[in-house]
Amino acid sequence: MSEHEYVPKSKAGKWFNDRLPLLTLGAHLTDYPTPKNLNYWWTFGGILTFCLITQIVTGIVLAMHYVAHADLAFASVEHIMRDVNYGWLIRYIHSNGASMFFLAVYIHIFRSLFYGSYKSPREVIWIIGLMIYLLMMAAAFMGYVLPWGQMSFWGATVITNLFSAIPLVGDSITTWLWGAYSVDNPTLNRFFSLHYLIPFLILGLVVLHIWALHVPGNNNPVGIDIKKPSKDTVPFHPYITIKDAFALLVFMIIFAGFVFFTPNVLGHSDNYIPANPLVTPAHIVPEWYLLPFYAILRSVPDKLGGVILMFSAIFILFVLPWLDTSKVRSAVFRPIYRQFFWILVIDVLMLGYVGAMPAEGIYLVLARVGTIYYFLHFIVVMPVVGYLEKTDPIPMSISEPVLTGGAEPSIARKVNDKV
Amino acid sequence: MSKEEKKVNRRDFLFTASYTVGAVGIGAVIWPMIDQMNPDKAQQALATTEVDISNIEPGKSITVLWRGKPVFLKRRTSEEIAEARSVNLDDLPDPQKDEDRVKEGKDEWLVMLGVCTHLGCVPLKDKGDFNGWFCPCHGSHYDVSGRIRKGPAPTNMEIPKFEFVDSNTIKIG
């Protein structure tokens, strides 16, 4: 890293930088040496930052018009949709923005899984990332409660009742969460408070996430350690900024497509019915991004068991760096693991699908098979494959196989296939 | 460690005393922060509901709201009572006699929280495999006495505290 060499050109800049080295930080971020072979799967960090800022900005604006009271919340959301200038646009950006945020974060996580970005020395980046993911789920859940429609109310009821499965203190905890004897006005009020807080906690963790990233530097599609800076790296600006910007534009086109053409396709029509504590909708489903975990919850015919398994499905990811025994990071050079990776992707997609279906018949069978594979993948496949697998030879550097013109052409081709 | 170092001196005492006072102080501040989230006085004040039951025909039921939760009041027919009492207790995941779920002498009145003991949805009446209630959320079947028979719910639907104020009025809570 070159920040200690940086000296501002202007006298005023130097005066300020000696007192608060913000300009040094800026120079570090600009010059930050980045592997030159990063592909488009690496653009989702920037896209996620965009998503977070979008949610914060639209959220602050919505809070100027929204009323967090059980009697008024539903009407105030309709007021935003009908009366507030551009309220419909801001709300649709915010509600679809949550989905886009999760779409991007899932791609980001699977990128990490494929290229081994969670492995040493990047375990802390991975763990902070998972903490962000957990907070995102909490924020999304509480945000979905705020319109106080039928899905809001019953989603809140089902999710808070998960805690009632805890032996002995479960009921006290749910009452404490509700601030009442059921989901009611106090619940809505505190969910609004927390929904406003969490994005800023996420923002703080994002700073730590990037800080932790800048210590070892980016992983890359080849997954090898590289010297920084060297002929294997390029400065972050303009090389990565321009690539990130292009990917962001494509992402925004898809985002805008949802907002302007199908703004409600990812929501549930029952949420346009005001909350009614006497009637449960016939078919309760969470938002799409929580469906795989919902499928795991329902696959267990026991209340406590289902809840434990669902939370384990998330928390097992925290120990992933220590479950994976392979010395090779990138799945490009791991012919066996690579196949299991794709099985996991299909498995999670399938769990998401059956999570949206009724928990009976073939769907229940699929949910159980999917749940078993999900855990087997992390507990058995990752340690065992990492230990037994014969990996392909990895190149000495990012440049070498390309520049030496065929010293190891088979390797060069293989790398390029994936890059 | 040598013997001298193990000896408790004035500084150790001060450290321990400071930590203790600090911990008590932090606890005294944290507890109000946690307890403020528990149901407040206004919520607790809603603790009882009185219901007029004079208009309920045998075989019919009504649903009332108590503490934000639905309560089912069902006036059962003698066939339904007989059916509830003919069940072998060994067939029940949460064994409980029908007699223990109603007030003695008022066997026709089943008063229970209309809340599925799985994850809190409201079960639908006259549905499911056991002639009682069925929860649409995750498929729990309850019998005519509100006892869990099949599905993920762990226990029978809860019987709240209630009493007959007079022959036409029930007080819940």
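Notes on the structure follow. Nothing here was measured: the structure is a model prediction, and the numbers come from that model. Counting restarts for each chain: residues are numbered from 1 in the order of the written sequence. For this description, chains carry letters from A and ligands carry numbers from 1, given in the order in which they are written. Residue-level local features of this predicted model are given only where pLDDT is at least 70; pairs of side-chain atoms are given and counted only at 80 or more, and the full residue set underlies all totals for whole chains, interfaces and linings. The basis for the side-chain values is all heavy atoms of the structure; hydrogens and waters are excluded.

**Section: the sheet that holds strand β5 (residues 124-127) of chain B**
All names here are of chain B.
Moving on, step 1. Paired strands, in this sense, are two strands between which DSSP finds at least two bridges. By definition, any uninterrupted DSSP run of H or I lasting at least four residues is a helix, any uninterrupted run of E lasting at least two residues is a strand, and each is numbered from the N terminus. Pairing within the open sheet is antiparallel, and its four strands lie in the order β5-β6-β7-β8. With one partner strand each, in any of the chains shown, β5 and β8 (148-150) form the two edges of the open sheet. On average, adjacent strands in this sheet sit at an angle of 40° to one another, irrespective of strand direction.
Moving on, step 2. Two elements, strand β7 (residues 140-143) and β8, share two bridges in a ladder whose sense is antiparallel. Counterpart to His141 in the pairing with β8 is Lys150. To obtain each axis, a line is fitted to C-alpha atoms, and for helices this fit is confined to the stretch in contact; angles are then taken between N-to-C directions over 0 to 180 degrees.

**Structural notes on the packing of aromatic side chains**
Here the distance between the centres and the angle between the planes together describe a pair of aromatic rings.
Residue and element names in this part refer to chain A.
Moving on, step 1. Note on aromatic contacts: the rings of Phe and Tyr and the six-membered ring of Trp form a pair at centre separations within 6.5 Å, being stacked when their planes are under 30 degrees apart, edge-to-face when over 60 apart, and tilted otherwise. Taken as a whole and judged by the stated rule, the model has 29 aromatic pairs over all chains.
Moving on, step 2. With centroids separated by 4.8 Å and ring planes inclined at 45°, the aromatic side chains of Trp42 and Tyr115 adopt a geometry described as tilted. You can see Trp42 sitting in the loop between β1 (33-35) and α3 (44-63) and its partner Tyr115 sitting in helix α5 (residues 87-115), a full 73 residues away along the chain. Each of the two residues, Trp42 as well as Tyr115, counts as buried.
Moving on, step 3. Residues Tyr66 and Phe192 carry aromatic rings whose centres are separated by 5.2 Å and whose planes lie at 50° to one another, so their mutual orientation is tilted. With Tyr66 in the loop between α3 and α4 (73-82) and Phe192 in helix α9 (residues 185-214), the pair connects residues that are 126 residues apart, well separated along the chain.
Moving on, step 4. Classification of residues uses two cut-offs on accessible area relative to the type maximum, computed with a 1.4 Å probe and protein chains only: under 20% is buried, over 50% is exposed, and between them is partly exposed. Overall, Tyr66 belongs to the buried group, its relative accessible area being 13%.
Moving on, step 5. Following the ring pairs from residue to residue traces out a cluster consisting of Trp42, Phe110, Phe114, Tyr115, Phe341 and Trp342.

**A word on the side chain of Asn219 of chain A**
Residue and element names in this part refer to chain A.
Moving on, step 1. Its location among the elements puts Asn219 in the loop between α9 and β2 (233-235).
Moving on, step 2. Distance and chemistry together define a polar contact, namely a pair of N or O atoms within 3.5 Å, with one atom able to donate a hydrogen and the other to accept it when in protein, and with adjacent residues in sequence counting only for side-chain atoms on both sides. A polar side-chain atom of Asn219 sits 2.8 Å from the main-chain carbonyl oxygen of Tyr115.
Moving on, step 3. Here the side chain of Asn219 touches Ser117 through a polar contact of 3.0 Å, side chain to side chain.

**Some remarks on the nonpolar core**
Moving on, step 1. For our purposes a nonpolar core is just a set of buried Ala, Val, Leu, Ile, Met, Phe, Trp, Tyr and Cys residues, chained together by side-chain atoms within 4.5 Å. Residues Phe102, Leu113, Phe293, Tyr374 and Phe378 of chain A are the most contacted members of the largest nonpolar core, which totals 124 residues.
Moving on, step 2. Considering every element that reaches this core, the biggest residue donor is α5 of chain A, with 14 residues.
Moving on, step 3. Should any heavy atoms of two residues lie within 4.5 Å, those residues are considered in contact. Every residue in contact with Phe378 of chain A, bar those within four places of it in the chain, is listed here: Ile316, Leu317, Leu320, Leu323, Leu344 and Pro383 of chain A.
Moving on, step 4. Of all hydrophobic cores here, the second largest spans 14 residues; its members include Ile56, Trp66, Phe162 and Ile172 of chain B.

**Looking at the interface of chain B and chain A**
Moving on, step 1. Each side of the interface is counted separately: chain B has 26 residues, and chain A has 27 residues.
Moving on, step 2. Carbon and sulfur atoms supply 63% of the area that chain B and chain A bury against each other, a total of about 2300 Å² over both sides.
Moving on, step 3. Put simply, buried area is the surface a 1.4 Å probe can reach on two separate parts but cannot reach once they are joined, added for both. The three residues of chain B that bury the most area against chain A are Met37, Gln43 and Leu119 of chain B, which together make up 27% of that side's buried surface.
Moving on, step 4. Whenever a carboxyl oxygen of Asp or Glu lies within 4 Å of a side-chain nitrogen of Lys or Arg, that contact is scored as a salt bridge. Connecting chain B to chain A are zero salt bridges.
Moving on, step 5. At the surface where chain B touches chain A, the tally comes to 10 residue pairs in polar contact (both at pLDDT 80 or more).
Moving on, step 6. Elements with a contribution of two residues or more to the side of chain B that touches chain A: α3 (41-44), β2 (61-66) and β3 (69-75) of chain B.
Moving on, step 7. The classification used treats Ala, Val, Leu, Ile, Met, Phe, Trp, Tyr, Cys and Pro as nonpolar, Asp, Glu, Lys and Arg as charged, and all other residues, Gly among them, as polar. Considering only residue class, the side of chain B that touches chain A consists of 13 nonpolar, 10 polar and three charged.

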